[in-house]
Amino acid sequence: MDGVRSLVEFIAGNTSGIVERTTEHLVIVLGVMLAATLFSVFLGIAVQHRPFAKQLSLGTAGVMLTIPSLALFAIFIPLVGIGNRPAQIALFLYAILPILRNTVTGLDAVDPAIVEAAQGMGMGQAQQLFRVRIPLAWPVIVAGIRVSTQLITGVAAIAVLVGGGGLGSYIQRGLTSLGNPFSIERVWTGTIFIIVLALVLDVILGLVGKRTTSPGIR
């Protein structure tokens, strides 16, 4: 109980700082996810009917996830300096695979008979894509976006190690000051608010996905 009480006291006494760090964390995540979603969806559309390109892009995106987080963050420091930029590039690379894979999977799952019916109605390739194929694949694509968002929200805590901002600063300060007052509370604060932010974003994306999915395929 003493630990919980001290945690509550720490959070209550650092509300403005927590809000600031949470905002920084959110900005990093939203910027990365917007870029990764646009890139991955368009790449998925481009490679869906090209088996070699599809396997190459999925394989390359999968390799990105095997690179240790801190190493990938540090790789870009000589190119763009310290701060949020190297973290955002690394997070962008991490975010690609779930969205790309789900985009390809969703488009592959569209019934060819529906596409043929769209062709019979006189729809061109672009109309088939944006009025038939993507709407039918959209729930699967949104699921990939949600997975990537959860992943990126957690990994973004490492941004502080390359000079970035966000809630990872509480975890870093807590770990580097173990034994001092409120060190454990800092670690818990960063961890808890990252989890809360990830859950809130997931709920929002779930609602957005439901609202933007055609009622006929919900």
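These numbers come from a predicted model, not from an experiment.

Parameters at a glance
Residues numbered from 1 in each chain as written. Predicted model: local features only at pLDDT ≥ 70, side-chain atom pairs only at ≥ 80, totals over all residues. Heavy atoms only, no water. Core = buried A, V, L, I, M, F, W, Y, C linked by side-chain atoms within 4.5 Å. Buried < 20%, exposed > 50% of the residue type's maximum accessible area, 1.4 Å probe, protein only. Helix = DSSP H or I, 4+ residues; strand = E, 2+ residues; numbered from the N terminus. Contact = heavy atoms within 4.5 Å. Patch = residues over 30% accessible without salt bridge, like charges linked within 9 Å, V, L, I, M, F, W, Y side chains within 5 Å. Areas by Shrake-Rupley, 256 points an atom, 1.4 Å probe, with all protein chains shown as cover. Salt bridge = Lys/Arg side-chain N within 4 Å of Asp/Glu carboxyl O. pLDDT = per-residue confidence, 0-100. Axes fitted to C-alpha atoms, helices over the stretch in contact; angles between N-to-C directions. Parallel < 35°, antiparallel > 145°, perpendicular 65-115°, else oblique. Left-handed = near helix turned anticlockwise from the far one by under 90°. Nonpolar A, V, L, I, M, F, W, Y, C, P; charged D, E, K, R; others polar. Phe/Tyr/Trp six-rings, centres within 6.5 Å; stacked < 30°, edge-to-face > 60°. 1 Å grid on protein atoms, 1.4 Å probe; cavity = no way out; pocket = protein on both sides within 12 Å on 5 of 7 lines; lining within 4 Å. Points joined across faces, edges and corners; volume = space filled by probe spheres on them.

What follows deals with the nonpolar core. Residues Met33, Phe73, Leu91 and Ile152 are the most contacted members of the largest nonpolar core, which totals 38 residues. Secondary-structure elements contributing two or more residues to this core are α2 (15–47), α3 (51–64), α4 (69–75), α6 (84–108), α8 (125–155) and α10 (183–211). Ranked by the residues each element gives to this core, the list is headed by α6, at 12 residues. Apart from the residues within four sequence positions on either side, Phe73 is in contact with Pro86, Ala87, Ala90, Leu91, Tyr94, Val155, Ile158, Ala159 and Val162. Within the second largest apolar cluster, 7 residues are counted, among which are Phe10, Leu167, Tyr170 and Ile171.

The grouping of Leu34, Leu38, Phe42 and Phe130 at the surface amounts to a nonpolar patch, some 460 Å² of accessible area in total. Looking at the nonpolar patch element by element, the count peaks at 3 residues for α2. As for its position among the elements, Leu38 is in helix α2.

Another aspect to go through is the confidence of the model for the chain. Reading fine detail from the predicted coordinates is not recommended where pLDDT is low. For the chain, per-residue confidence averages 90 on the pLDDT scale, and residues scoring 70 or more make up 98% of the total. Summarising per-element confidence for the chain, the mean pLDDT is lowest in helix α7 (residues 112–120) (81) and highest in α2 (95).

What follows covers the pattern of salt bridges. In this structure the tally under the stated criterion is 3 salt bridges. Here Arg146 makes a salt bridge to Asp202, at a shortest N to O gap of 3.0 Å. Taken together, the residues span a long stretch of sequence, with Arg146 in helix α8 and Asp202 in helix α10 at a distance of 56 residues. The exposure class of Arg146 is partly exposed, given its relative accessible area of 30%.

Another aspect to go through is the packing of α2 against α6. Here α2 crosses α6 at 40 degrees, and the two axes come no closer than 7 Å. In terms of axis orientation, α2 runs oblique to α6. Relative to α6, α2 is oriented so that their crossing is right-handed. The residue makeup of the contact of α2 with α6, split by class, is 18 nonpolar, 6 polar and no charged.

What follows covers the packing of aromatic side chains. Summed over the entire model, instances satisfying the criterion amount to 3 aromatic pairs. Seen in terms of ring centroids, Phe10 and Tyr170 are 6.3 Å apart; in terms of plane orientation they differ by 90 degrees. Their pairing is edge-to-face. A residue pair is termed long-range when its members are at least 10 positions apart, and Phe10 in helix α1 (residues 2–13) and Tyr170 in helix α9 (residues 168–176) qualify at 160 residues. Accessibility classification places Phe10 together with Tyr170 in one group, the buried group. Look at Phe10 and Phe182: their rings are 5.6 Å apart centre to centre, the planes differ by 35 degrees, and that puts the pair in the tilted class. Taken together, the residues span a long stretch of sequence, with Phe10 in helix α1 and Phe182 in the loop between α9 and α10 at a distance of 172 residues. Owing to a relative accessible area of 5%, Phe10 belongs among the buried residues under this scheme. Each member of the aromatic cluster is reached from another via a ring pair, and the members are Phe10, Tyr170 and Phe182.

The calculated volume of the largest pocket comes to roughly 200 Å³. Taken together, Val29, Leu30, Met33, Leu34, Thr37, Leu38, Ile145, Thr149, Leu201, Ile204, Leu205 and Val208 make up the lining of the largest pocket. Looking at the lining of the largest pocket, the elements that each hand over two or more residues are α2, α8 and α10. The greatest single-element share of the lining of the largest pocket, amounting to 6 residues, is contributed by α2. Residues of the lining of the largest pocket, tallied by class, amount to 10 nonpolar, 2 polar and no charged.

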